[in-house]
Amino acid sequence: MNKTYKMCCAAAILLLNTLTLAAGNVSIKFAQNVSHASTEAYLVDAATAQEEKLTPASDGYTYTVPSGSNVKLKVTPDKGYVVYVWQKGASESNLSEIRESYSSTEQTLKSVGTDLVVTADVCKLVPATFVVPKEGTLGAEVNVEEQGDFGRLIAPEADGITYMLPEGRGAYFDPRPADGYNILVWKFEDNSIFPSHPDQFYKNNVPSGFYLTVAFYKDGETRTVTYRQPHTAQLTCYNRSEYDSPVIASGTTVTPGDQILFEVAPPDNPSGKVIVHHWLVNGKPYTDASGEYFTDNSLTLMAIDNLDVEVVPEAEYTGVTAVELQGLTAVASASDGTISVTAGSGTAALYSLQGACLGQKAIAGGQAVFHVDGASKGSVYIVVVNGQAVKVMFQ
């Protein structure tokens, strides 16, 4: 009986010691799958702050330490890389970011009492350019994004406009306008325009070579919008930046940066369509991204500068300027129903837009004149001389 009791006590003590030993250790999985960096882990003595380097298990990232220990974890990124954020949690699927950990190369975990997973997001640093006018700014600032908000402030390089940012991560660009100055427009490297003008610009996935610039306008500045009516259509202009997008007359002043919408329609059908040959903006043809004429019936422009807009319907396009260079012009007068053709020699032929030949005349003394019955303002015809063609509209 006594012998059996002693054996049971010994077994119980052994089991208790085993359980105590198992309960007295915790594991930390650190920096699994982290690349472009070296990692180290240290056990820190709470009383003396002395550090003892830890050796991971055979997997290379699991460390076992006594429960309640202080542990220092270090990540040393390769040159040109940075720790974007540290994360920790109970498992790989339950990680949360450690706040304000951008560019931090070490984290000290105090009194570790449970198993943990700790990792670091190591990113390549890439250059981004942010150009802000010297007049009107309190000094540009660029912040990395941390926890969905403004994070660490990044100092520029020596040139004052280049910032080294973590590739593929978010960043905030703040031009910090001085009193009396306002954001007019944000532009990219290809001179394309961001369609709105927020106080700060957020880029959610910064690529290498990202370029951003901003322009200001002063309080009290305005822009003037002018436009001309075509002969065969109706052009209407709206200020989309004002409540209810009111129609504005030619010569109206607007706030710099306002979104101005131009719409062209048939005179008797506001919802109808007009075949547009091209638009002119400040005297130059307006083209799309491919360099082709923009031919939609509506055109929205930002009033960065004064705007002077003209739409040229297909029915009104004569191409006279281009043909004049080859010695051929054609002018139509609705008052007397004539089309006067000027050319060197040969035969001039007159066609309808549908392709029907309406007559031919020999060019004498450098001219030929056609008389068109029932001609009205806005009617368009085609003149052909020696294989060269030009559209002409009665004015």
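The shown structure was predicted, so the numbers you read here are calculated from the model rather than taken from an experiment. Per-chain numbering applies: the sequence of each chain, read as written, is numbered from 1 onward. Residues qualify for local features only when their pLDDT is at least 70, as the model is predicted, and side-chain atom pairs are given and counted only at 80 or more; totals for whole chains, interfaces and linings, by contrast, use all residues. Calculated side-chain values reflect all of the structure's heavy atoms, with hydrogen atoms and water omitted.

Colleague: How do you make sense of the confidence of the model for the protein chain when you look at a structure like this?
Modeller: Interpretation of this model should avoid reading the predicted coordinates in detail wherever pLDDT is low. The score called pLDDT rates the predictor's confidence residue by residue, from a low of 0 to a high of 100. The share of residues in the protein chain with pLDDT of 70 or more is 91%, and the mean pLDDT across the chain is 89. Counting interchain partners and residues more than four positions distant, the pLDDT-below-50 stretch residues 5-22 has zero contacts. Within the model, the stretch residues 319-325 combines pLDDT values under 50 with 11 contacts to residues more than four positions away or in other chains. Note on contacts: a residue pair qualifies if any of its non-hydrogen atoms lie within 4.5 Å across the two residues.

Colleague: What should I look at first to understand the sheet that holds strand E28 (residues 357-362) in this one?
Modeller: Note on sheets: strands pair through backbone hydrogen bonds, and any given pair is parallel or antiparallel. Across the sheet, which stays open at both edges, the four strands sit in the order E28-E27-E30-E31 with antiparallel pairing between neighbours. Every other strand in the sheet has two partners, leaving E28 and strand E31 (388-393) as the edge strands with one partner each. Taking each pair of neighbouring strands and ignoring which way they run, the sheet shows an average axis angle of 20°. We call two strands paired when DSSP finds no fewer than two bridges between them. Each helix is a run of DSSP H or I of at least 4 residues and each strand a run of E of at least 2, with the numbering of both proceeding from the N terminus. Two elements, strand E27 (residues 347-352) and E28, share five bridges in a ladder whose sense is antiparallel. Its bridge partner lying in E28, Leu350 is registered against Gly359. Here an angle of 0 to 180 degrees is reported between the N-to-C directions of two axes, which are lines fitted to C-alpha atoms, with helices fitted over the stretch in contact.

Colleague: Hey, could you run me through the sheet that holds strand E2 (residues 37-44) in this one?
Modeller: Strand order in this open sheet of four strands is E3-E2-E5-E8, and the pairing throughout is antiparallel. Only two strands of the sheet have a single partner each, and these edge strands are strand E3 (51-53) and strand E8 (106-112). The average angle at which neighbouring strand axes cross in this sheet is 30°, direction not considered. The pairing of E2 with strand E5 (residues 69-77) spans eight bridges and is antiparallel. The partner of Ala37 across the bridge, within E5, is Pro77.

Colleague: Looking at this structure, I do not really get the pairing of strand E1 (residues 25-30). What am I missing?
Modeller: Within a regular strand, the side chains alternate between the two sheet faces. Note on classification: 1.4 Å probe, protein chains only; a residue is buried when its accessible area is under 20% of the maximum for its type, exposed when over 50%, partly exposed between these limits. Residues Val26, Ile28 and Phe30 of E1 are buried on one face, while the alternating residues Asn25, Ser27 and Lys29, pointing to the opposite face, are not. Bridge count for E1 against strand E4 (residues 62-66) is five bridges, and the pairing is antiparallel. What sits directly across from Val26, in E4, is Val65. Alignment of E1 against strand E9 (residues 116-131), held across three bridges, turns out to be parallel. Bridged to Phe30 within E9 is Val118.

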